[in-house]
Structures are given as C-alpha cells and as structure tokens.
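Observations on the model geometry
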Amino acid sequence: MSRASSETSIFTEMTELARRTGAVNLGQGVPDLDSPPALLAGVSAAVLAGRNQYPPAAGHPALRAAVAAHQRAHYGLDFAPEAEVLVTTGATEALAAACLALTGPGDEILTLDPAYDAYPADARLSGARLVSVPLTLDGDGFALDADALAAAVTPRTRLLLLNSPHNPAGKVLDDAELAAVAELCRERDLTVVTDEVYEHLVYDGRHRPIATLPGMRERTLTISSAGKTFNVTGWKVGWITGPARLVAAVASVKQWLTYASGTPYQEAIALMLGEVGPWAAGLRATLRAHRDLLTAGLAEAGLRPLRAEAGYFVQADIRGWGAADGLRFCRELPERAGVVAIPTSAFRQGEDPAPWLVRFSFCRRAEPLREAVERLAKAASQ
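Calculation criteria
- Residue numbers restart at each chain and count upward from 1, following the sequence in its written direction.
- In keeping with the model being predicted, local features are shown solely for residues with a pLDDT of at least 70 and side-chain atom pairs are shown and tallied solely at 80 or more, while totals for entire chains, interfaces and linings include all residues.
- With hydrogens and water stripped out, all remaining heavy atoms of the structure feed into the side-chain values.
- UniProt positions are given in the numbering used here, feature names are shortened, and annotations may be inferred rather than shown by experiment.
- The cut-offs for exposure are 20% and 50% of the maximum accessible area for each residue type, with area from a 1.4 Å probe on protein chains only; residues under the lower value are buried, those over the upper are exposed, and the others partly exposed.
- Only runs of H or I of at least four residues qualify as helices and only runs of E of at least two qualify as strands under DSSP, and these elements are numbered from the N terminus.
- Starting at the helix axis, one direction is taken to each C-beta atom, and the arc is that of these directions.
- Throughout, a contact is declared for two residues whenever any of their heavy atoms are within 4.5 Å.
- Two strands pair if DSSP finds at least two bridges between them.
- Here an axis means a line fitted to C-alpha atoms, over the contact stretch when the element is a helix, while the angle between two N-to-C directions is reported on a 0 to 180 degree scale.
- Oblique is the label for any angle not covered by the other classes, which are roughly parallel (under 35 degrees), roughly antiparallel (over 145) and roughly perpendicular (65 to 115).
- Should the near helix be turned anticlockwise from the far one by less than a right angle, the crossing is termed left-handed; should it be turned clockwise, right-handed.
- Any residue outside Ala, Val, Leu, Ile, Met, Phe, Trp, Tyr, Cys, Pro, Asp, Glu, Lys and Arg is labelled polar, Gly included; the first ten of those are nonpolar and the last four are charged.

- An unreviewed UniProt entry annotates the protein chain as Aminotransferase class I/II-fold pyridoxal phosphate-dependent enzyme of Streptomyces boetiae.
- UniProt, in its Cofactor (unreviewed entry) section for the protein chain, records the words "pyridoxal 5'-phosphate".

See below:
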C-alpha cells in the first residue's frame, strides 16, 4: 500500500477533532439544510411502488430527458438524451470515469490549483500526471492566470479539468477568463471536463458553462449533480453531458464502476429538476445570508475573509492571529476556539503560495454558524 493511500485524510482528522473536542465543525461541505419536500415525497413514492431494481446503465430515461431539458432551458445547450446524457453515481464517478476514458499512462491532465481532492486521485487511477496551475490572489479573491495556464500545456496534455464555480476557492470564472480558456483549448485541441456541481449556488456574478462558448460544445464534457443543488449529497446522483463520442467513451468505463445505481432517487430528481429555479433561488438566499454571517464574523475576529462568490466555502487569512501555517492552525483551532476548519494546503498540488489560508464552510444551519462566530470572537479577544 502506498503512503498516499494509507494516510489518514485531513477531513477524517478534523472530523475526529470536532467529535473529541465538541467543536463546531465548519470543515467538510456536508449541508444540514432541508431538502425540497416534493423531492423527498417523490423518492418515497418510488421506493414504495417497488421501483428499486437496476435502472438502465445510461440512467433512468426520465432523468436523462430532464437533464437535457435543464441544459436547454438554463444555458441554451441542446443535447440528445439518448446519446449525449449519461447518469452517474454522483459527480465523483463522472469525474473518475472521464479521466479513465480519456487519459492514460504518459498523458497529462491540466487543472487549477487549489483543486478538489478527487482530481489528483483520478489522475493517479488513469496513470496520467496532474499538472496544476495556481489561481492567483487578486485583492480579496482569486483570478485566473491565463498566461500560466497556456505555458503549462505540453504535447502530452490531453485534458483540461476545469472547476467553476470552484471548490475550495469559491471563485467563478468571468466571461473574459472563460474566453481565454476556450481560446487555449481550441488552439491546442484540448478536451475539457468541467465540474459544475455548484452551478445553482452562485451569489455574485453568474455561472456560464464553457460549453456555451464558440467551438467548445464539441470538445466539452459537463458534469453536475443533484447533491449540492437539493441538499441530498448522500443520494449520489450525478450526470455528464457532451458530444456523443465523448459520452460513449465515458459510458464504456462507467459500466465497470457502478454499472447503475439509485433508481428511485433518479426518478424523483427527474420530476424535481424542472422546478429547480424557484428552489435554487431560495437556497441561494439562505446560503448567501449564511456566507455573510460567517464572513462578517471572521473579519471581526481578525481572520480576513476572501470573496466567496459561489459554493459552500470561505477562505480566510489567518495571519491576523499571528499564524502562517494553515495545517498547524487548524489542528490547534478546536482546542483554542472550539471551531474546526480545513487548511487550504490540503487542496494544493504544487508549491503553496499562500500556506496561511484556511477554508471554513457555511452550508450549516444558522445556529451553529452563530455559535462558531461567537467562539472565534471570544478566542480572538483572549
């Protein structure tokens, strides 16, 4: 067993610290917010009606049709449900299957740094090398360094793994940044796999799928899921859309991973996805308020927050507490303040230009967020 596969993850370590110390856990992105009642009723009805066996390998036909309708209604993207939509066991499986299908030993996968921790694991599974290009710090947020991204492309680069809205940075690529990425992909003939699971949780600006840009639909696989949008992360229902030839390649791998899963969940999500607009607007309002509560509390406690334009997380600068090592800070914070966070260094693939950043989540209910803010303020005053 390799060292990487046998190490305890930072998430496991921090969760155990929260349990042992009674700290408020703002580490992992596990929401404790309500789900749509109609969605819960739908899955209950499907289970009780006996629809509990395997769905088709490509996904429940109703969900594939609903995903295609969603992409058309929200982004003007037309996909054929039968050939250009694939349902997966969460976005995590979609990412792994795409990397396995489209890359192999000796290839390179390009991504932004910091990166969601599944990305390096997926590269290792396929035998490819993950090449990360840091997002640059830009005042109180992050920006894409388009020149650095272009410089990182080599003859071995096969895939750009793009994440916007971004975890853990909370960054949404703007139109100019997306245009620069698209131009690079067209010029260098790169396939794009884009992770858009936070597509409906954008608080500042707007989400624009890169597949909508000229010349990008035919080279882009777009991944999303129901978990973050409907607060059902445990259901593990995701999907991937794109040109038939790329979707077929992913499906050829996916059949040997889970084959298929979640029939009643797929059926319920198919009914709910068409109503996502009003639901997501309410959820965004709640999460925006929670973000503002947390960022104000961090600032008052002397932990300078960075912009969180989307998603579940706020990055904070810990140097106001005389700290420079995010990992050490997070290991000490439960005892010092009764709060758990995650060091941003856990998401770094290369040299860390900002080891003093840590990530706090705000996808909790208001009560624990207020408690965390009060504890941080008290610790800051001591």
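**Topic: helix 11 (residues 244-254)**
- When helix 11 is considered as a whole, its buried residues turn out to be Leu246, Val247, Val250, Val253 and Lys254. Projection of helix 11 onto a plane perpendicular to its axis shows the buried side chains occupying an angular sector of 120 degrees, all on one side.
- Check the buried side of helix 11 and you find it contacts helix 5 (81-84), strand 2 (85-88), helix 6 (90-102), strand 8 (191-195), strand 9 (220-225) and strand 10 (238-241).

**Some words on the sheet that holds strand 4 (residues 129-134)**
- Spatially, 2-10-9-8-7-3-4 is the arrangement adopted by the 7 strands of the open sheet, whose pairing is mixed. Of all strands in the sheet, those with a lone pairing partner are strand 2 and strand 4, marking the two edges. Averaged over neighbouring strand pairs, the angle between their axes works out to 20 degrees when direction is ignored.
- Contacts between helix 6 and the sheet are confined to strand 2, strand 3 (108-113), strand 7 (157-163), strand 8, strand 9 and strand 10, with strand 9 contributing the most and set at about 160 degrees to the helix.

**With respect to the packing of helix 3 (residues 37-48) against helix 12 (residues 263-273)**
- In the contact formed by helix 3 and helix 12, the axes pass within 8 Å of each other and the chain directions differ by 140 degrees. Considered as vectors, helix 3 and helix 12 are oriented oblique to each other. Between helix 3 and helix 12 lies a crossing of right-handed hand. From helix 3, Ala38, Leu39, Gly42, Val43, Ala46 and Val47 reach across to helix 12, where they touch Pro264, Tyr265, Glu267, Ala268, Ile269 and Met272.
- Counted by class, the contact of helix 3 with helix 12 contains 10 nonpolar, 1 polar and 1 charged residues.

**Considering the UniProt feature "domain: Aminotransferase class I/classII large" (unreviewed entry) in the protein chain**
- The sites that UniProt annotates as "domain: Aminotransferase class I/classII large" (unreviewed entry) are residues 24-376.
- The annotated region residues 24-376 carries 42% helix and 18% strand content, and the separation between its end C-alpha atoms amounts to 11 Å.

**Focus: the sheet that holds strand 15 (residues 357-361)**
- In space, the 4 strands of this open sheet follow the order 11-12-15-14, with antiparallel pairing throughout. One side of each edge strand has no neighbouring strand; the edge strands of this open sheet are strand 11 (304-305) and strand 14 (342-343).
- Alignment of strand 11 against strand 12 (residues 313-317), held across 2 bridges, turns out to be antiparallel. In the sheet register, arginine 304 faces strand 12, and the bridge partner there is aspartate 317.

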